[in-house]
Amino acid sequence: MKERAKELKKGRKSKVDPEVDLLEKIAEMPDEDRVLAERIHALISAEVPELSPRTWYGQPAYAKGGKVLCFFQAAAKFGTDYATFGFNEAPLLDNGTMWPTAFGLRELTPADEELLVSLVKKAAG
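Now for a description of the structure that goes with this document. Predicted model only: the values in this text are computed from it and were never measured.

1. Some words on the overall build of the protein chain
Now for step 1: The secondary structure content of the protein chain amounts to 5 helices and 5 strands.
Now for step 2: Ordered by position from N to C terminus, the α and β elements of the protein chain give α-α-α-β-β-β-α-β-β-α.
Now for step 3: For the protein chain, the residues scored as buried account for 39% of the 125 residues in total.
Now for step 4: Considering only contacts within the protein chain whose residues lie at least 6 apart along the sequence, 49% involve residues at least 24 apart.
Now for step 5: Counting only carbon and sulfur atoms, one obtains 54% of the accessible surface of the protein chain, whose full area is about 7,700 Å².

2. A closer look at helix 5 (residues 110–124)
Now for step 1: For helix 5, with 15 residues, the first-to-last C-alpha span of 21 Å sits near the 21 Å given by 1.5 Å per residue.
Now for step 2: Considered for burial, the residues of helix 5 that qualify are E113, L116, V117, L119, V120, A123 and A124. Across the axial projection of helix 5, the buried residues extend over an arc of 165°, all falling on one side. Opposite its buried face, helix 5 presents the exposed residues P110, A111 and E114, each directed more than 90 degrees away.
Now for step 3: Residues of helix 5 that are buried in the fold lie against helix 3 (31–47), strand 2 (59–64), strand 3 (67–73), strand 4 (83–87) and strand 5 (102–105).

3. A word on unusual backbone geometry
Now for step 1: The phi dihedral of Y57 is positive, around 55°, even though this residue is not glycine.
Now for step 2: Within the secondary structure layout, Y57 lies in the loop between strand 1 (52–56) and strand 2.
Now for step 3: Taking relative accessible area as the criterion, Y57 reaches 32% and is therefore assigned partly exposed.

4. Regarding the sheet that holds strand 5
Now for step 1: What the 5 strands build is an open sheet, ordered 1-2-3-4-5; its pairing is antiparallel. At either end of the open sheet lies a strand with only one pairing partner, and these are strand 1 and strand 5. Each strand axis lies, on average, 25° off the axis of its neighbour in the sheet, ignoring direction.
Now for step 2: Across 4 bridges, the pairing between strand 4 and strand 5 is antiparallel. Across the sheet, residue A83 finds its bridge partner in strand 5, namely L105.
Now for step 3: Here helix 2 (residues 18–27) sits on the sheet and contacts strand 1 and strand 2; the angle it forms with strand 1, its principal contact strand, is near 55°.

5. Structural notes on the packing of aromatic side chains
Now for step 1: Counted according to the given criterion, the structure contains 3 aromatic pairs.
Now for step 2: On the numbers, 5.2 Å between centres and 50° between planes, the contact of W56 with F71 is tilted. In this pair, W56 is assigned in strand 1 and F71 in strand 3, connecting sequence segments 15 residues apart.
Now for step 3: Through successive ring pairs, a cluster of aromatic residues spans W56, Y57 and F71.

6. Details of the packing of helix 2 against helix 3
Now for step 1: Where helix 2 meets helix 3, the axes come as close as 9 Å, and the angle between the chain directions of the two elements is 155°. With respect to each other, helix 2 and helix 3 are oriented roughly antiparallel. For the pair formed by helix 2 and helix 3, the contact residues are E19, L22, L23, I26 and A27 on the first element and R34, A37, E38, H41 and S45 on the second.
Now for step 2: For the contact of helix 2 with helix 3, the per-class residue count stands at 5 nonpolar, 2 polar and 3 charged.

What counts, and where the lines are drawn
- Residues numbered from 1 in each chain as written.
- Predicted model: local features only at pLDDT ≥ 70, side-chain atom pairs only at ≥ 80, totals over all residues.
- Heavy atoms only, no water.
- Helix = DSSP H or I, 4+ residues; strand = E, 2+ residues; numbered from the N terminus.
- Buried < 20%, exposed > 50% of the residue type's maximum accessible area, 1.4 Å probe, protein only.
- Contact = heavy atoms within 4.5 Å.
- Areas by Shrake-Rupley, 256 points an atom, 1.4 Å probe, with all protein chains shown as cover.
- Expected span 1.5 Å × (residues − 1).
- Arc of directions from axis to C-beta.
- Pairing = 2+ DSSP bridges.
- Axes fitted to C-alpha atoms, helices over the stretch in contact; angles between N-to-C directions.
- Phe/Tyr/Trp six-rings, centres within 6.5 Å; stacked < 30°, edge-to-face > 60°.
- Parallel < 35°, antiparallel > 145°, perpendicular 65-115°, else oblique.
- Nonpolar A, V, L, I, M, F, W, Y, C, P; charged D, E, K, R; others polar.

Written as structure tokens, this is what we have:
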């Protein structure tokens, strides 16, 4: 919550490029998280350029129309065994009465990257 408060305050006071802020947060991550976050950022920037990179609760996130659509949570931030890539209320991902909203990540294979990009594209509609 402190990170989010800083983001809101910073956003009102400065003209810092949100992508620069995101890249700074990625650079601060331990190696395992940083490698995943850098790859995800590269994929989303190249394949879904209509999304705006920013931070959200101190983590990399991607927004459309000012609303955060998807995000990366570093494992180190929460002391978990794996990082997480998740979606915020992406109705285009709904599939029946139950569907995934977040994925645990330890690494990204080419197949994982393809799935991630296809889900982000679908959610971005």
